[in-house]
Amino acid sequence: NDFKKGDTYNGIIYNLVFTPVKRVVLEEMTGVTCPNCPQGHIAIEECERQFKDQFIPVSIHSYDGDDLGTQFRGYSAFLGLNGAPSGRINRIGGPGENAKTYYPMYGRGNNVYYDLPEAELWYNIVTQELEKLALFNLDATAIYNKEKDVIDINYILFILHNNLRILVQSTAGR
């Protein structure tokens, strides 16, 4: 096929030499001065206890009045988080209006629940996400170079493994 600028190709690789470990990322809006955020910390601790290294929490200190988080308010806004504690899990729904925001707990009377089955709480959504297949996804830009008769592929790949963080960046591939 002839690919033109802006064309995309999507595919799934099922036959890997290794079995990927499914992990779930929670991007949580929080803050030092937030009165409700300790409830979010309890929910995170429960997810860490239950799901161990398959659960990766990222705390974004961007709560209003939190001096530590003034630089991260744009990040929270990009994710669609405007109340604390709230979070995005695996960026379900993608960007924009389809983005799904989840909350750590549900209050009913004097009781607080972290895993109420009928509610879309962090614990429940993480459980659902871990039941899905672990697929490898790589977004890349391919540019056909007529002079060299090659396709250049640009990509950035982050590899997370046993607390090892590696950034792999390519500017030319064939």
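Up top is the structure these notes are about.
This text gives an overview of the structure that appears in the document. Worth saying up front: this structure is predicted, and the values here are computed from it rather than measured.

Criteria and cut-off values
- Residues numbered from 1 in each chain as written.
- Predicted model: local features only at pLDDT ≥ 70, side-chain atom pairs only at ≥ 80, totals over all residues.
- Heavy atoms only, no water.
- Pairing = 2+ DSSP bridges.
- Helix = DSSP H or I, 4+ residues; strand = E, 2+ residues; numbered from the N terminus.
- Axes fitted to C-alpha atoms, helices over the stretch in contact; angles between N-to-C directions.
- Contact = heavy atoms within 4.5 Å.
- Buried < 20%, exposed > 50% of the residue type's maximum accessible area, 1.4 Å probe, protein only.
- Salt bridge = Lys/Arg side-chain N within 4 Å of Asp/Glu carboxyl O.

Read across the open sheet, the three strands follow the order S2-S1-S3; overall the sheet is mixed. Of all the strands in the sheet, just strand S2 (55-61) and strand S3 (86-89) have a single pairing partner and so form its edges. In this sheet, neighbouring strand axes are inclined to one another by 20° on average, regardless of whether the strands run parallel or antiparallel. Alignment of strand S1 (residues 24-30) against S2, held across seven bridges, turns out to be parallel. Note that in S2 the partner of Leu-26 across the bridge is Pro-57. Packing against the sheet, helix H1 (residues 37-51) makes contact with S1 and S2, and its axis sits at approximately 160° to S2. Helix H3 (residues 122-130) contacts S1, S2 and S3 of the sheet and is inclined by roughly 5° relative to S3.

Counting buried positions along H3 gives seven out of nine residues, so the element sits mostly inside the fold. Among the residues of H3, Trp-122, Tyr-123, Asn-124, Ile-125, Val-126, Glu-129 and Leu-130 are the ones counted as buried. For H3, the secondary structure elements touched by its buried residues are S1, H1, S2 and S3.

Right, let's talk about the pattern of salt bridges for a bit. Within this structure, the stated rule accounts for seven salt bridges. Put simply, Lys-100 and Glu-120 hold a salt bridge, and the shortest N to O gap is 3.2 Å. Pair noted here: Lys-100 is in the loop between S3 and strand S4 (106-108) and Glu-120 is in the loop between strand S5 (111-113) and H3, with a separation of 20 residues, a long-range link. Judged by its relative accessible area of 45%, Glu-120 is partly exposed. For Glu-118, the salt bridge identified is with Arg-108, shortest N-O distance 3.3 Å. Of the two residues, Glu-118 is situated in the loop between S5 and H3 and Arg-108 in strand S4; the sequence distance between them amounts to 10 residues.

Before going further, it helps to examine the side chain of Lys-22. Summarising the element assignment, Lys-22 is placed in the segment before S1. With sequence-adjacent residues up to four places away left out, Lys-22 is seen in contact with Gln-54, Glu-129, Leu-130, Lys-132, Leu-133 and Ala-134.

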